[in-house]
Each structure stands twice: as C-alpha cells, then as structure tokens.
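Report on the structure
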Amino acid sequence: MNACVLSIQAKPALRLRGSKPVARRARVASVTRAVISDPPPIKSATKFTQDWALQGVPKDDEIAGTFVTHLECSLTGEKYEADELHGLADSGKPLLVRYDFQALKGKLTREILASRPPTLWKWREMLPVRKAEDCVTLGEWMTPIVDAPKLAAEVGLEEGGALLVKDEGRLPTGSFKARGLVMAVSMAKELGVTRMAMPTNGNAGAAMSAYCSRCGIETYIFAPEDTPDTNIREMALQGANVWRVNGYIDDCGKIVGGGKEEMNWFDTSTLKEPYRIEGKKTMGLELVEQFGWDDLPDVIMYPTGGGTGLIGMWKAFGELKELGLIKPDTKLPKMVAVQATGCAPMVNAYDAGEEFATRVDNAFTRSAMGIRVPAAVGDFLILRAVRESGGWAVAVTDDAIDEGQTEFAKKEGFLLCPEGAATYAAFKKGLADGKIKKTDRVLLFNCATGLKYPMPPSNNDIDRHQPIDYGVIAKGI
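Note that this is a predicted model, so its numbers are computed, not measured.

1. Brief notes about the overall build of the protein
From N to C terminus, the protein includes 17 helices and 15 strands. Residues counted as buried form 56% of the 477 residues belonging to the protein. Within the protein, counting contacts between residues at least 6 apart in sequence, those at least 24 apart form 73% of the total. Of the roughly 20,800 Å² of accessible surface on the protein, a fraction of 50% belongs to carbon and sulfur atoms.

Next up, the structure:
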C-alpha cells in the first residue's frame, strides 16, 4: 500500500533483558514518499493459538502489566480506588487515571517500545488494563501520518513547513472512536460489566457495538434521529440495540443516565467513565514516536465535540515527560480545538475567557455530526489543554467544511471525513489570521474514513446502445 508518510529512521531495538539497553534515538528525517509495509506476519500460520487473539498485546511478564495506582477527580483532585467500577467523580466531573511512573521510569524505554508490534497496546504499561487476557482487540494498528504536498504548496507553506494528516480512519470500525472504546470495553470486561449503554453521533456507537460483541457484553445505543443511516445500520449489524431519538446527543445521554437503575447498564457516555481518555491518549503517544520523540509538530488541529482525544493527547505528552521518554524541554504542540459555527461551545468559552462552556441551544452542523455536541462534560479540561499549550479554539462554517473535503479529495486523493475536513478549513483560517506560520508543521486529525458519510451524487450515464459522443466525455464532469 503506497502513501505519503513520515519517514522514520530507527536503529534495531533492544529488550529489557540481559545487558542494559543502549539509548538510540529515532528521528523523523523528512516528509517523503514511502511504502507502508503490511503488519508483521503472525507466527504459527498453520494453527490458531492464543497469540493470534492477542496479537500486538505485550504479555504480562514483559515488564509488569499496568502501573495504575488510583483515579483522581479532574477538578478537585480527590482520589478514588483503582480496580473498582466508577462513573463521574462526586463533583460531577470526569475521573482521570493515575500511574506510578517513578516505578516505571527507566524500565519502559524507547528501544523496548520500538521492538513491539505497532499497535496501541504496545503502550500497555501506560494503560489501565491489568491482565493481558482482558485486552479486547480487533487489531488497533498504528495509523499513518500522510502529507499533503500539493495543498501545502498551494497555500504557500515555506521550507520547514508541512501540512500533515494523521489518518484515524484506518482503525477498526473506521474511526478514532475505536481507541477510546477498546479501552472502555476492556476495562468493563475486567470489572465484570455485562451491559453497556451510550449516546452517540455515530462512530462511537459503532466502535462500542463491535468491541462489546467481541467479548460478549450486551449493548444499548441511542443516537440523534439524523445520524447517518450507515452508522445506524453498522451498529445494529454488529449486535447493538439501537434507538433513534428526536433530539441531540446530550438528550440521548439523558435517556442513558435515566435508565441506569432500571436497565442495570453501565453508562459509557463521553468522559462519564474514566477509560476512554486512556484509549484516546494513545494518539498522542503514537504521534510522538512517529515524530522521533523530541521534534513534535508545531500545531495540532483537532475536531472537537466531547474533546476526549484532545484531553487525552495533552495528558499523554505530560506522562511521557514524567517517564523521561521525551526530554523536559521538548516543545509541545499548540492544541487547537476545531468546531463548527453552528455548534461551538468551546470557541464561545475560549473567546470569553471562561473556564466552563455554556450549552449551545439549537445546535446545527450540516455534515460534521461528530462535532455537534452542544455541551461537553469535560469542557474545562479541553479549555485547559488549549490554553496551557498556547493554542486556540476556532469555528468554521459548514460551507468551508464541505469545500475543504472536496478540495482535499480532488487535489490529494484523500477522502477526509467532514470532521477531518473541518480541521483543514481551520488550518486555512489560521494561516489567513496569522496564527499559523508558513514554516509551521501542522498536523490535522482525520478522525474517520470519509467512506462512512454521505457523498455528493454522481449521475453521469451512458446508453451503450446509442452512438458514444467522446467529445462530451472529453469535456469531463
């Protein structure tokens, strides 16, 4: 499979056994044309073994599983026991997972990480699942970083600058929601949950239905009535009980919350359980390694609804510094929260200098359903990450989103999802406003494959029984 990717130069890795590992620095040489190789072959190709089921998951004896110590309220700092089922903190705010990184420091090295199969589970010591057998997986391989040289030249990026896309559409179920939900479902399995429920704008529900079916957990999903039909059918086909609701995603969330006692399900709403953040933070862990550890992009533009990924990446960068896997003085990217003008609670709060966002009434997005979230429970964490990083929040119009999707597809051959196209529109706006320099390396997040969304019609037909007018064909469409 050919693609434009970041070319990474790395020495052969050493394991934490025998002699002390020699520090060898992997570094991004340049943005070049390269060939993405297929995943490494699985051993024992003639007979199924448990290694097949857990391909890419480090075994319990490699270091020591997870280093989780406790959970912590993101607002008050109050501590909660690990290995127990939790929703929100008593404050009504999200819980964050904390680890004993002092005990792990020096054991989990760049060389050990480079030696492992390139899946999100290679970071297992920094993730919450205790037992390898509880890691539910559908093959969460590292997603590529693809460059967009034509568009970069067209907008006038100069030497040193780059327009890059991390393509999360390569993950199971075709979106980055697989990262958060594989972790939430794995932890639910570990903690004995048998029934899960969530509100969704589409892709999160698809991911949860797949992973729950994988491990035998019953699933109930509630989606706004205008959720793309492809998403609804995908969830149902993968075993979920799916219901359309005449309201927004937070209205669907109220149905989930209201049914906890009667239905005895676990509420897996965005940030109302602690582990989706941990799955989403692997985006940050992954891209740091892809960029050679200490030479990170200048700007990350992230399509922001519930904001779990933005929060998770900022958490990941801090944890990598704490572990010594990146240097203390490594310059971190500016984090940019991208929303649509018809639903921009984070942008409104950022512009007003507020810590918390106000719900947007009558929210509307024409195609980017994933960022139509009128109120986010983790609003203050999103705004905190944006401000601490020196980034900003920006809203783009539906027309700019649609135009960006078309432009990227026709000029780069890359079909962005509408939410991913929103980040490209925001990139162009940032250039025009002077917030992005022409020498910046800017990383956009394409959060899902564009194949899951409605596309413009193409209705050009030929009647083979009539004379073919090649002059008409030559004019193109």
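2. Focus: unusual backbone geometry
If you check the backbone angles, T173 has positive phi at about 65 degrees while not being a glycine. Within the secondary structure layout, T173 lies in the loop between strand 7 (162-167) and helix 5 (177-190). The backbone of L271 shows a phi angle near 65 degrees, a positive value even though the residue is not glycine. Structurally, L271 is set in the loop between strand 11 (266-267) and helix 10 (276-280).

3. A closer look at helix 6 (residues 203-215)
Compared with an ideal rise of 1.5 Å per residue, which puts 13 residues at 18 Å, helix 6 spans 19 Å between its outermost C-alpha atoms and is within 8% of the ideal. For helix 6, the buried fraction is high: ten of the 13 residues fall into the buried class. When we look at burial in helix 6, the residues that qualify are N203, A204, G205, A206, A207, M208, S209, A210, Y211 and C212. Each element contacted by the buried residues of helix 6 is listed here: helix 5, strand 8 (195-199), strand 9 (218-224), helix 7 (229-237) and helix 10. Backbone geometry just downstream of helix 6 places G216 in the positive-phi region, at approximately 85 degrees.

4. Some details on the nonpolar core
Counting residues in each nonpolar core, the largest one holds 98 residues, and the members touching the most others are W121, M126, M196, L287, M313 and L320. Of all hydrophobic cores here, the second largest spans 31 residues; its members include A368, L416, I436 and L444.

5. Remarks on the environment of I326
Of note, I326 is situated in the loop between helix 12 (308-323) and strand 13 (334-340). On the basis of relative accessible area, I326 is assigned to the buried category, the value being 1%. Along the chain, I326 and D294 lie 32 residues apart, while their C-alpha atoms are 5.9 Å from each other.

6. A closer look at the packing of helix 6 against helix 7
Packed helix pairs are characterised by how far apart their axes lie and by the angle those axes make with each other. Two elements in contact, helix 6 and helix 7, have axes separated by 8 Å at closest approach and are oriented at 15 degrees. By the angle class used here, helix 6 and helix 7 are roughly parallel. For helix 6 against helix 7, the interelement crossing comes out left-handed. Residues N203, G205, A206 and S209 of helix 6 form the contact with helix 7, whose own contacting residues are N231, E234 and M235.

7. Here's the deal with the state of the cysteines
According to the stated counting rule, one finds zero disulfides in the structure shown. The cysteine C417 is free of any disulfide, with C447 supplying the nearest cysteine sulfur at 3.6 Å. The exposure class of C417 is buried, given its relative accessible area of 0%.

8. Examining the environment of V338
Topologically, V338 is positioned in strand 13. V338 gets classed as buried once you look at its relative accessible area, which sits at 0%. V338 sits 36 residues away from Y302 along the chain, and the two C-alpha atoms are 5.7 Å apart. With residues up to four places along the chain from it excluded, the contact list for V338 reads M301, Y302, P303, T304, I371, V394, V396, A422, T423 and A426.

9. Here we look at the packing of aromatic side chains
In total, this model carries eleven aromatic pairs according to the counting rule given. Plain terms: the ring middles of W123 and W293 are 6.2 Å apart, the flat faces sit at 65 degrees to each other, and that makes the pair edge-to-face. Note that W123 is positioned in the loop between helix 3 (110-115) and strand 6 (145-147) and W293 in the loop between helix 11 (282-290) and strand 12 (299-303), a separation of 170 residues in sequence. The class of W293 is buried, set by a relative accessible area of 1%. Note on F408 and Y424: the rings are 5.0 Å apart at their centroids and 85 degrees apart in plane angle, and the pair reads as edge-to-face. On the criterion of sequence distance, the pair formed by F408 in helix 15 (residues 398-412) and Y424 in helix 16 (residues 418-433) is long-range, its members being 16 residues apart. Neither F408 nor Y424 differs from the other in exposure class; each is buried. Cluster of aromatic residues (ring-pair linked, three or more members): F408, F414, Y424 and F427. Its guanidinium or amino end placed over the ring of F176, K280 lies 4.1 Å from that ring's centre, counting from NZ or CZ.

10. Some thoughts on the sheet that holds strand 9
Pairing within the open sheet is parallel, and its four strands lie in the order 10-9-8-11. In the strand order of this sheet, the two ends are held by strand 10 (241-245) and strand 11, each with one partner. Here strand 8 runs beside strand 11; their pairing, made up of two bridges, is parallel. Across the sheet, the residue bridging to M196 is F266, located in strand 11.

Definitions and cut-offs
Residues numbered from 1 in each chain as written. Predicted model: local features only at pLDDT ≥ 70, side-chain atom pairs only at ≥ 80, totals over all residues. Heavy atoms only, no water. Helix = DSSP H or I, 4+ residues; strand = E, 2+ residues; numbered from the N terminus. Buried < 20%, exposed > 50% of the residue type's maximum accessible area, 1.4 Å probe, protein only. Contact = heavy atoms within 4.5 Å. Areas by Shrake-Rupley, 256 points an atom, 1.4 Å probe, with all protein chains shown as cover. Expected span 1.5 Å × (residues − 1). Core = buried A, V, L, I, M, F, W, Y, C linked by side-chain atoms within 4.5 Å. Axes fitted to C-alpha atoms, helices over the stretch in contact; angles between N-to-C directions. Parallel < 35°, antiparallel > 145°, perpendicular 65-115°, else oblique. Left-handed = near helix turned anticlockwise from the far one by under 90°. Disulfide = S-S within 2.5 Å. Phe/Tyr/Trp six-rings, centres within 6.5 Å; stacked < 30°, edge-to-face > 60°. Lys NZ or Arg CZ within 6 Å of the ring centre and 35° of its normal. Pairing = 2+ DSSP bridges.

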